[in-house]
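Summary of the model geometry
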Amino acid sequence: QLQLVESGGGLVQPGGSLRLSCAASGFTLDHYSIDWFRQAPGKEREGGTCISSSDGSTYYADSVKDRFTISRDNAKNTVYLQMNSLKPEDPAVYYCAAIKYYYCSAYPRGLLEYDYWGQGTQVTVSS
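Residues numbered from 1 in each chain as written. Predicted model: local features only at pLDDT ≥ 70, side-chain atom pairs only at ≥ 80, totals over all residues. Heavy atoms only, no water.

So, the state of the cysteines
This structure, assessed with the given rule, holds 2 disulfides. The partner cysteine of Cys22 in its disulfide is Cys96, sulfur to sulfur 2.0 Å. Torsion about the S-S bond of the Cys22 and Cys96 cystine: about 75°, corresponding to right-handed handedness. Placement of the pair is Cys22 in strand β3 (residues 18–25) and Cys96 in strand β9 (residues 92–99), with a sequence separation of 74 residues. The residues Cys22 and Cys96 share a single accessibility class, namely buried. One disulfide in the model links Cys50 with Cys104; its S-S distance is 2.0 Å. (Disulfide = S-S within 2.5 Å. Helix = DSSP H or I, 4+ residues; strand = E, 2+ residues; numbered from the N terminus. Buried < 20%, exposed > 50% of the residue type's maximum accessible area, 1.4 Å probe, protein only.)

Here you go:
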């Protein structure tokens, strides 16, 4: 079965950290660029955070830059999102999405362009 399986979400206090995982099943991620999206209740899905398949270059939305870090381990067929210094505005369902392309896009992609989606994992920030 071809799918992305997410894990690592949970409850954390403001200023805390979480590490999300996105593991591919049934295919390899070597030639896929991976985006992370998040969607909070009542808000649109927010993207702009990506790691390329070509050279592992990373790009971040302004809202998470310098706090979140994307990485990939092709040997484990997994992409990670390390989230540090979590803020009250960060709680959301986080999704990973894969597209078979060498580079991240300079412009937002349509959701239907992605080849695979994770099921989403909930991140809650509360004191």
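The discussion continues.
Details of a nonpolar patch on the surface
On the surface, Tyr101, Tyr102 and Tyr103 cluster together to form a nonpolar patch covering roughly 380 Å² of accessible area. Following the sequence through the fold, Tyr103 ends up in the loop between β9 and β10 (116–117). (Patch = residues over 30% accessible without salt bridge, like charges linked within 9 Å, V, L, I, M, F, W, Y side chains within 5 Å. Areas by Shrake-Rupley, 256 points an atom, 1.4 Å probe, with all protein chains shown as cover. Salt bridge = Lys/Arg side-chain N within 4 Å of Asp/Glu carboxyl O.)

Observations concerning the pattern of salt bridges
Summed over the entire model, instances satisfying the criterion amount to 3 salt bridges. A salt bridge links Arg38 to Asp90, with the shortest nitrogen-to-oxygen separation between them at 2.8 Å. Taken together, the residues span a long stretch of sequence, with Arg38 in strand β4 (residues 33–39) and Asp90 in the loop between β8 (78–83) and β9 at a distance of 52 residues. Accessibility assignment for this pair places Arg38 and Asp90 in one class, buried. Note that Asp90 and Arg67 form a salt bridge whose closest N and O atoms lie 2.8 Å from each other.

Overview of the nonpolar core
With 28 residues, the main nonpolar core has Leu4, Leu29, Trp36, Met83 and Tyr94 as its most contacted residues. Mapped onto this core, the elements with two or more residues apiece are β3, β4, β7 (68–73), β8, β9 and β11 (121–125). What Tyr94 contacts, discounting residues up to four positions off in sequence, is Glu6, Leu20, Trp36, Phe37, Arg38, Phe68, Leu81, Met83, Gly120, Thr121 and Val123. (Core = buried A, V, L, I, M, F, W, Y, C linked by side-chain atoms within 4.5 Å. Contact = heavy atoms within 4.5 Å.)

Read these as layout, nothing more, since geometry by itself doesn't imply function.
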